Amino acid sequence: MFGLLNLGSLILGILAWILPFIFLMGKYDREKWGIISFLSMIASASALFFQIIYSYYLVTIEDWAALLDTQGAVVFAAAVLLSVTVLMNAAAFFVSRKR
């Protein structure tokens, strides 16, 4: 069951990027920018939270090898997820102001 946290994190991370991308493509009115951005940030935060839960699970079962092997990649992926999500939502904000 805990292995599904990684899959859920991946799906939520992709959703966090797709929502502002769809807005930038002009599929929504500019009044909906706030809702789209809010849902994107919630998806991003949930994806990061799933990774925290999975790391906690590895600590509780004392799988130190898996924890040490994966934490570098998890930190890198979290940084990319957060930075791209913020940049895409900022771009959606500026586009919504120009329309």
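Above this text is the structure in question.
Residues numbered from 1 in each chain as written. Predicted model: local features only at pLDDT ≥ 70, side-chain atom pairs only at ≥ 80, totals over all residues. Heavy atoms only, no water.

So, the overall build of the chain
At step 1: Tallying secondary structure elements over the chain gives three helices and zero strands in all.
At step 2: Scanning the chain from its N terminus toward the C terminus, one meets helices and strands in the order α-α-α.
At step 3: Computed over C-alpha atoms, the radius of gyration of the chain comes to 16 Å, more than 25% over the 13 Å expected from 2.2 N^0.38 for 99 residues, which places it beyond the range of a compact globule.
At step 4: A buried classification covers 26% of the 99 residues belonging to the chain.
At step 5: The contacts in the chain between residues at least 6 apart in sequence include a share of 77% that link residues at least 24 apart.
At step 6: Of the accessible surface of the chain, which amounts to about 6500 Å², a share of 75% is contributed by carbon and sulfur atoms. (Helix = DSSP H or I, 4+ residues; strand = E, 2+ residues; numbered from the N terminus. Rg over C-alpha atoms; globule rule 2.2 N^0.38 Å. Buried < 20%, exposed > 50% of the residue type's maximum accessible area, 1.4 Å probe, protein only. Contact = heavy atoms within 4.5 Å. Areas by Shrake-Rupley, 256 points an atom, 1.4 Å probe, with all protein chains shown as cover.)

Here's the deal with the packing of aromatic side chains
At step 1: Under the definition given, this model contains four aromatic pairs.
At step 2: Ring geometry for Trp33 against Phe93: centres 5.1 Å apart, planes inclined by 55°, an arrangement best described as tilted. Here Trp33, found in helix α2 (residues 33–60), pairs with Phe93, found in helix α3 (residues 64–98); they are 60 residues apart in sequence, far enough to count as distant.
At step 3: Between the aromatic rings of Tyr54 and Tyr57, the centroid separation amounts to 6.1 Å while the plane-to-plane angle is 40°, which identifies the pairing as tilted. (Phe/Tyr/Trp six-rings, centres within 6.5 Å; stacked < 30°, edge-to-face > 60°.)

Some thoughts on the nonpolar core
At step 1: Leu12, Ala16, Ala43, Ala47 and Leu81 form the largest nonpolar core, which has five residues in total.
At step 2: Secondary-structure elements contributing two or more residues to this core are α1 (4–24) and α2. (Core = buried A, V, L, I, M, F, W, Y, C linked by side-chain atoms within 4.5 Å.)

Here's the deal with the side chain of Ser40
At step 1: By secondary structure assignment, the location of Ser40 is in helix α2.
At step 2: With sequence-adjacent residues up to four places away left out, Ser40 is seen in contact with Ala16, Leu19, Pro20, Thr85 and Asn89.

A short note on the packing of α2 against α3
At step 1: Across the interface, α2 lies against α3 with an axial gap of 10 Å and an inter-helix angle of 175°. It follows that α2 is roughly antiparallel to α3 by the angle criterion.
At step 2: Among the residues making up the contact of α2 with α3, the classes are represented as 15 nonpolar, 10 polar and no charged. (Axes fitted to C-alpha atoms, helices over the stretch in contact; angles between N-to-C directions. Parallel < 35°, antiparallel > 145°, perpendicular 65-115°, else oblique. Nonpolar A, V, L, I, M, F, W, Y, C, P; charged D, E, K, R; others polar.)

Considerations on α2
Note on helix geometry: an α-helix contains 3.6 residues per turn, so any two residues three or four positions apart are oriented the same way.
At step 1: Helix length check: α2 (28 residues) gives 41 Å between terminal C-alpha atoms against 40 Å at 1.5 Å per residue, within 8%.
At step 2: All buried positions along α2 are accounted for by Ile36, Ser37, Ser40, Ala43, Ser44, Ala47, Gln51, Tyr54, Ser55 and Leu58.
At step 3: Those residues of α2 that are buried lie in contact with α1 and α3.
At step 4: A positive backbone phi angle near 55° is found at Glu62, which sits one or two residues after α2. (Expected span 1.5 Å × (residues − 1).)

Just distances and angles here, no functional claims.
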